[in-house]
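What follows is the residue order along each chain.
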Number of protein chains: 2
Amino acid sequence: MQSQEIEKLTKIIAKLPALGARSARRIVLHLLKKKDTELPALIGALQEVAAHIQKCKICGNFDTDEICSVCADTTRDVDCVCVVQDVADLWAMERVGLYKGQYHVLGGILSALDGVTPEDLNIEGLFQRLQNGAIKEVILALPATIDGQITAHYLLSRLKEFPINVTTLAQGIPLGAELDYMDDGTIQMALSARKKLV
Amino acid sequence: MQSQEIEKLTKIIAKLPALGARSARRIVLHLLKKKDTELPALIGALQEVAAHIQKCKICGNFDTDEICSVCADTTRDVDCVCVVQDVADLWAMERVGLYKGQYHVLGGILSALDGVTPEDLNIEGLFQRLQNGAIKEVILALPATIDGQITAHYLLSRLKEFPINVTTLAQGIPLGAELDYMDDGTIQMALSARKKLV
């Protein structure tokens, strides 16, 4: 006996990541209760994003301009490119604030299971950026999963042709972790890659 | 380095129930990736809800008309009113589809802790509906929490003046539950309210 409008909105919200039917209902009810404040604010913010945000032509980041604020920032190093799976990973790196180079968003990783081939990813864009010789280092900041490592291997095999350094993020025990709670693979990997202190 | 538009939208979404900063970022990224399909669909659905949905003048349900489809449905019983805390509870009852009477949404429950008094709830509306004598039964379908029971007691004390039946939902072990996993209070209550079979 729900109105069509409410049902339609609930279905659309339920399909968003991390949400389901129950949380969608809660959100819709919350918005209905705040019909004069939060609902128009949400609509306005969504409209602004829809109207102004676009994909950066260079790196694939989302921003208001054709060239994103990271690529347009002349104070950043232009000789280093960090290759990430997704814009979320770019944002995570930027939250840390340590990295001062460029990015390249692949838009996914290779996956035999999901049928993702190199043509589906923004890989050619990366090699085009390497053509002019300004880039001296490529950091492969891809997920530490099987598919992530396969993607890194594929990129490495093609990056070998260029006179550049190719690096990857260090793997090991994360900060604050207790050994007891780490999976065996991580402990094995951290042990075999152990660092000499003295 | 995120654009203002993305940051603003993320903050608004993060404040919705059941969501936080991380899930808001995931949702915003998902919408950015589906900028031509899901984002306009969501905006459209939100706008339709904002434009058309209103609170029912009789029961407090949300619907497209001033009188909601439940109250306007002439095939439903008019002599029974089910009092619920929230529209979400009304929807839950309607999903079951067994109840064929009217509803009354309080818009909350009494709470000494949160400072919710009878004046804050749609209680007078309920007694106004009782004035014409058409209603023969009031079902108190309020939460089985302390505050819910205090609210039920308060309503009961005032409903006594009317020549009507006041009932409440049965309490006990929920369907499919294992005793081992039930809290002590529920088992005690179910035991003391046990039913004679033969």
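Cut-off values and rules
- Residues numbered from 1 in each chain as written.
- Chains lettered and ligands numbered in written order.
- Predicted model: local features only at pLDDT ≥ 70, side-chain atom pairs only at ≥ 80, totals over all residues.
- Heavy atoms only, no water.
- Pairing = 2+ DSSP bridges.
- Helix = DSSP H or I, 4+ residues; strand = E, 2+ residues; numbered from the N terminus.
- Axes fitted to C-alpha atoms, helices over the stretch in contact; angles between N-to-C directions.
- 1 Å grid on protein atoms, 1.4 Å probe; cavity = no way out; pocket = protein on both sides within 12 Å on 5 of 7 lines; lining within 4 Å.
- Points joined across faces, edges and corners; volume = space filled by probe spheres on them.
- Nonpolar A, V, L, I, M, F, W, Y, C, P; charged D, E, K, R; others polar.
- pLDDT = per-residue confidence, 0-100.
- Contact = heavy atoms within 4.5 Å.
- Buried area = accessible area lost by both parts, 1.4 Å probe.
- Salt bridge = Lys/Arg side-chain N within 4 Å of Asp/Glu carboxyl O.
- Polar contact = N/O pair within 3.5 Å; in protein donor to acceptor, adjacent residues only side chain to side chain.

Undergrad: Would you explain the sheet that holds strand E3 (residues 80-84) of chain A in this entry?
TA: Strand pairing in a sheet takes place through backbone hydrogen bonds and is either antiparallel or parallel in direction. Residues and elements named next belong to chain A. Taken in spatial order, the 4 strands make up an open sheet running E4-E3-E5-E6, and their pairing is parallel. Edge strands, defined here as strands with exactly one partner in the open sheet, are strand E4 (102-105) and strand E6 (165-168). Taking each pair of neighbouring strands and ignoring which way they run, the sheet shows an average axis angle of 25 degrees. Note: strand E5 (residues 137-141) against E6, 4 bridges, orientation parallel. Bridging across to E6, Ile-139 finds its partner in Thr-167.

Undergrad: What should I look at first to understand the layout of surface pockets in this one?
TA: Here the idea is plain: a probe the size of a water molecule rolls over the atoms and shows the empty space left. All names here are of chain B. Considered as a void within the structure, the largest pocket measures approximately 930 Å³ in volume. Lining the largest pocket are 32 residues, with Gln-85, Asp-89, Ala-141, Leu-142 and Pro-143 sitting closest to its centre. With 7 residues, helix H5 (residues 87-96) is the single largest residue contributor to the lining of the largest pocket. Across the lining of the largest pocket, the residue classes break down as 17 nonpolar, 7 polar and 8 charged.

Undergrad: So what exactly am I meant to see when it comes to the confidence of the model for chain A here?
TA: Low-pLDDT portions of the prediction should not be read for the details of their coordinates. Residues and elements named next belong to chain A. Of the residues in chain A, 99% reach a pLDDT of 70 or more, and the chain-wide mean stands at 92. Looking at the elements of chain A, mean pLDDT is at its lowest for helix H8 (residues 184-192), recorded as 86, and at its highest for E4, recorded as 96. This prediction of the complex comes with two scores: 0.81 for pTM and 0.81 for ipTM.

Undergrad: What is the right way to read the interface of chain A and chain B from this model?
TA: Often the size quoted for an interface is simply the accessible area lost on bringing the parts together. Each side of the interface is counted separately: chain A has 50 residues, and chain B has 49 residues. For the pair chain A and chain B, the two sides together bury roughly 4,900 Å², of which 74% comes from carbon and sulfur. Taken together, the links from chain A to chain B amount to 4 salt bridges. Where chain A touches chain B, the interface holds 6 residue pairs in polar contact (both at pLDDT 80 or more). Mapped by element, the contributors of at least two residues to the side of chain A that touches chain B are helix H1 (4-14), helix H2 (21-33), helix H3 (38-52), strand E2 (62-63), helix H4 (69-72) and helix H5 (87-96) of chain A. With 12 residues, H3(A) is the largest single contributor of residues to the side of chain A that touches chain B. When the residues that make up the side of chain A that touches chain B are grouped by side-chain class, the tally is 28 nonpolar, 8 polar and 14 charged.

Undergrad: Mind showing me how you'd approach empty space enclosed by the protein here?
TA: This model, assessed by the stated rule, comprises 1 cavity of 30 Å³ or more. There is about 90 Å³ of room inside the largest cavity. Contributing to the lining of the largest cavity are Ile13(A), Leu16(A), Ile27(A), Leu31(A), Leu42(A), Leu46(A), Ile13(B), Leu16(B), Leu19(B), Ile27(B), Leu42(B) and Leu46(B). Looking at the lining of the largest cavity, the elements that each hand over two or more residues are H2 and H3 of chain A together with helix H3 (38-52) of chain B. Residues that form the lining of the largest cavity fall into these classes: 12 nonpolar, no polar and no charged.

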